[in-house]
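Here is how the chains run, residue by residue.
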Amino acid sequence: MRTLTRPGATESAAPAKARRLRGLAWLMFRRHRPALLTCLALVVLGGAWIVHERGAMLDTLHAAGWPGKPADALGDNVAGNASETLNSFANTLSFLTTVLAVFVGAPLLASDMENGTARLATTQSVTRGRWLLAKLGFALLLVTFTTAALSGLFAWWRGSVTPFNPHDWLHDASFDTTVPVFVSFALFSTVLGITIGALIRRTVPAMVLTFLIGYAASIAFDLVKDRLATPRRIAFPLEGARPAALDQAVLVDNWIGTASGELHGWGTCANDAIPEACRAKMGIVNSVWDYFGKDQMAGMQWAASGIFLVLTGLLVALLFWRTRRGPF
């Protein structure tokens, strides 16, 4: 027996495919899709570069006999090239915080205020607070993901060639590109750019000012690194071997001193006809160093990160206060 039915009556209409993102999340994705795709490309290309450079460096070091030979037995050419490559990449990577601040942070609010999008968005069913929170959340998540991914991969590279890392770990770019410092400074720089953009309300001037102030902030950070922890002091015989505690240590200052602890400048008696006799007459027998040990590095990194996160929080508070009270 055949039943007559209308074509398609037994087939339920296929439901429309629901969007995974809705509301402000969808708006942030659509509005800032170029920044999202650019950061994803940076992570993919930068990660591929790190993997390639790490493999090439390990091949070169293994061909030279490492780790069977100690690092200092490979010759200055091999060890120096490895250290220089790491330092060069760290310098390049450290510039990423400025790029993110200028091209993600500064235009985030400034462009919307300049072309009127901010006023349009906040006259709909979205409050200023929600709109600003969505903007900040998108930017900070994007910056955190980008910097944490690249910094983590670079740490993996450095960890596989530890003896060839630059010895002055505090004042070169290796300190700045470790995960906690790199991510926190990137967040601070980005929020600084967002705040400048909200105050100036013009995209290009905000980008220029963000670059200048961000660069000044990085210089100021270099000047205060030595205050992140208390230096240690060690004395050892003037003509004796350097203690193992000073391996990979960062020198803060050094003197020559007597057995009783009296300190003199390193150049004391240098212009005397017989410097050794002059020092013996003054009772100078020790070399005295103030230094930061490698085991202090982690604590100094977290101290720097805490400072940047506090500054970031203050900027966020200023930003919310300004945008909630000021006109768009």
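Cut-offs and rules
- Residues numbered from 1 in each chain as written.
- Predicted model: local features only at pLDDT ≥ 70, side-chain atom pairs only at ≥ 80, totals over all residues.
- Heavy atoms only, no water.
- Pairing = 2+ DSSP bridges.
- Helix = DSSP H or I, 4+ residues; strand = E, 2+ residues; numbered from the N terminus.
- Axes fitted to C-alpha atoms, helices over the stretch in contact; angles between N-to-C directions.
- Parallel < 35°, antiparallel > 145°, perpendicular 65-115°, else oblique.
- Left-handed = near helix turned anticlockwise from the far one by under 90°.
- Contact = heavy atoms within 4.5 Å.
- Nonpolar A, V, L, I, M, F, W, Y, C, P; charged D, E, K, R; others polar.

Our next topic: the sheet that holds strand β3 (residues 263–264). One open sheet accounts for four strands, arranged β1-β4-β2-β3; its pairing is antiparallel. Two strands close off the open sheet at either side, each with one partner strand: β1 (232–237) and β3. The pairing of strand β2 (residues 250–258) with β3 spans two bridges and is classified as antiparallel. Across the sheet, Ile256 pairs through a bridge with His264, a residue of β3.

This part takes up the packing of helix α2 (residues 33–63) against helix α6 (residues 128–160). The geometry of α2 relative to α6 is characterised by a closest axis approach of 9 Å and an angle of 5° between their N-to-C directions. In this view, α2 runs roughly parallel relative to α6, as classed from their interaxial angle.

What follows deals with the packing of helix α4 (residues 96–115) against α6. The contact between α4 and α6 brings their axes to 11 Å, and the two run at 165°. As far as their axial angle goes, α6 and α4 are roughly antiparallel. Crossing hand, α4 versus α6: right-handed. Each of Leu96, Leu100, Val104, Leu108, Leu109 and Asp112 in α4 lies in contact with α6, whose residues at this interface are Trp131, Leu132, Lys135, Ala139, Val143, Thr146, Thr147 and Leu150. When grouped by side-chain class, the residues that make up the contact of α4 with α6 number ten nonpolar, two polar and two charged.

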